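Residues per chain are reported as follows:
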Amino acid sequence: MPPPAAVPSAGGFVPAYWDEGCRHLCARDRVLARLIPQYGQACLQSRGDPFTTLARSVVGQQISVKAAQAVWDRLLAALGAADGVTPAALLAAGPEALRAAGLSARKVEYLFDLARHFDEGRIDPAAWHAMEDEAIIRELVAIRGIGRWTAEMFLIFCLLRPDVLPLDDVGLLRGISQCYFSGEPVSRSDAREVAAAWAPFRSVATWYIWRSLDPIPVAY
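Residues numbered from 1 in each chain as written. Predicted model: local features only at pLDDT ≥ 70, side-chain atom pairs only at ≥ 80, totals over all residues. Heavy atoms only, no water.

Next up on the list: the state of the cysteines. The final tally for this structure, using the stated rule, is 0 disulfides. Note on cysteine 22: no disulfide assigned, nearest cysteine sulfur contributed by cysteine 26 at a separation of 6.4 Å. On the basis of relative accessible area, cysteine 22 is assigned to the buried category, the value being 12%. Free cysteine: cysteine 158, not disulfide-bonded; nearest cysteine sulfur from cysteine 43 at 15 Å. (Disulfide = S-S within 2.5 Å. Buried < 20%, exposed > 50% of the residue type's maximum accessible area, 1.4 Å probe, protein only.)

Structure (structure tokens):
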């Protein structure tokens, strides 16, 4: 289910607006004008798989990127899956298979609740493309285990929404601290002020700020 403003790529889909966003940011922000050229043609990618993206986000909550990838790989092995997972496959596996993959009891509950929402048709991913960002966030946070951060990661990494600013993301705040404040701690208000110049491409800027901390792109 590719997002509307997406272009097929080897890894899934990339935003059709990416080049425009980079030009806008380079013209508006001196830090990004230096940062963006360092990463060549690399850009945000979407797998086009809403359930897998949300499931990966739940798995990655409150643990490092490396640890999250290790747990995810074990989960795929337990489900006999090569990459993505389906709600039906997860529900059929049962809680013990997920616990054996290294997931906490709480995350197992969250993943099963998420899978039931998809499996029972309580949410309609096809409808999200026509909805505003905040409306999608409201729908997602009604699911157990999905908070605003997870919903915003979904908007960025699955729906490729161009103007998401995830102020609850520790990496974004740390990157802004290092790039704009010489490592001094920054508040959400500080970050919002810096990001005012990034609109309407705050997702693009956020992706590059993350790259300043870790040059290897994260995918959900």
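Continuing now.
This brings us to the packing of aromatic side chains. Following the criterion strictly, the structure yields 10 aromatic pairs and no others. Ring geometry for tyrosine 180 versus tryptophan 198: centroids 6.3 Å apart, planes at 50 degrees, classification tilted. Remark: tryptophan 198 occurs in the loop between α11 (188–195) and α12 (202–213) and tyrosine 180 occurs in helix α10 (residues 170–180); sequence separation between them is 18 residues. Take tyrosine 180: its relative accessible area is 22%, and that puts it in the partly exposed class. Pairwise contacts between aromatic rings join Trp18, Tyr39, Trp207 and Tyr208 into one cluster. Between the NZ or CZ atom of arginine 211 and the centre of the ring of tryptophan 207, over which it lies, the distance is 4.9 Å. (Phe/Tyr/Trp six-rings, centres within 6.5 Å; stacked < 30°, edge-to-face > 60°. Helix = DSSP H or I, 4+ residues; strand = E, 2+ residues; numbered from the N terminus. Lys NZ or Arg CZ within 6 Å of the ring centre and 35° of its normal.)

Once that is clear, we can look at the nonpolar core. The biggest cluster of nonpolar side chains holds 68 residues, and the ones touching the most others in it are Trp18, Leu32, Trp128, Leu140, Trp198 and Tyr208. Ignoring sequence-local partners within four residues, the contact set of tryptophan 18 consists of Ala42, Cys43, Leu44, Val204, Trp207 and Tyr208. (Core = buried A, V, L, I, M, F, W, Y, C linked by side-chain atoms within 4.5 Å. Contact = heavy atoms within 4.5 Å.)

Right, let's talk about the environment of glycine 102 for a bit. Looking at where glycine 102 falls in the secondary structure, it is placed in the loop between α6 (95–100) and α7 (105–119). For glycine 102, a relative accessible area of 44% puts it in the partly exposed group. Here the alpha-carbon distance between glycine 102 and tryptophan 18, two residues 84 residues apart in the chain, equals 36 Å.

What follows covers unusual backbone geometry. With omega at 5 degrees, the peptide bond leading from alanine 199 into proline 200 counts as cis. Relative to the helices and strands, proline 200 is located in the loop between α11 and α12. Even without glycine at this site, leucine 160 takes up a positive phi of about 55 degrees. Tracing the backbone through its elements, the reader meets leucine 160 in the loop between α9 (148–157) and α10. We classify leucine 160 as buried; its relative accessible area is 3%. Not every positive phi belongs to a glycine, and serine 182 is a case in point at roughly 55 degrees. Here serine 182 shows up in the loop between α10 and α11.

Overall, the coordinates contain 7 salt bridges when judged by the stated rule. In this structure, the salt-bridge partner of glutamate 120 is arginine 122, at a minimum N-O distance of 3.1 Å. Accessibility expressed as a relative area gives 45% for arginine 122, which makes it partly exposed. Members of the salt-bridge network, linked through shared partners, are Glu134, Arg148 and Glu152. (Salt bridge = Lys/Arg side-chain N within 4 Å of Asp/Glu carboxyl O.)

For the pair helix α3 (residues 50–59) and α7, the least separation of the axes is 10 Å and the interaxial angle reads 165 degrees. If you check the angle between α3 and α7, you find them roughly antiparallel. By crossing handedness, the relation of α3 to α7 is classed as right-handed. Mapping the contact onto sequence places Pro50, Phe51, Leu54, Ala55, Val58 and Val59 in α3 and Lys107, Tyr110, Leu111, Leu114, Ala115 and Phe118 in α7. (Axes fitted to C-alpha atoms, helices over the stretch in contact; angles between N-to-C directions. Parallel < 35°, antiparallel > 145°, perpendicular 65-115°, else oblique. Left-handed = near helix turned anticlockwise from the far one by under 90°.)

The buried count for α9 comes to 9 of 10 residues, which makes it a mostly enclosed element. Turning to α9, its buried residues are Trp149, Thr150, Ala151, Glu152, Met153, Phe154, Leu155, Ile156 and Phe157. Packing partners of the buried residues in α9 comprise α3, α8 (133–141) and α12.

The axes of two packed helices give the description: the angle between them and the distance between them. As a packed pair, α3 and helix α4 (residues 65–79) sit with axes 9 Å apart at the nearest point and diverge in direction by 125 degrees. In terms of their interaxial angle, α3 and α4 are classed as oblique. Crossing hand, α3 versus α4: right-handed. Counted together, Thr52, Ala55, Arg56 and Val59 of α3 and Ala68, Gln69, Val71, Trp72 and Leu75 of α4 form the full contact between these two elements. Its residues placed into classes, the contact of α3 with α4 shows 6 nonpolar, 2 polar and 1 charged. (Nonpolar A, V, L, I, M, F, W, Y, C, P; charged D, E, K, R; others polar.)

Note that every value here comes from positions in space, so none of it alone points to a role or purpose.
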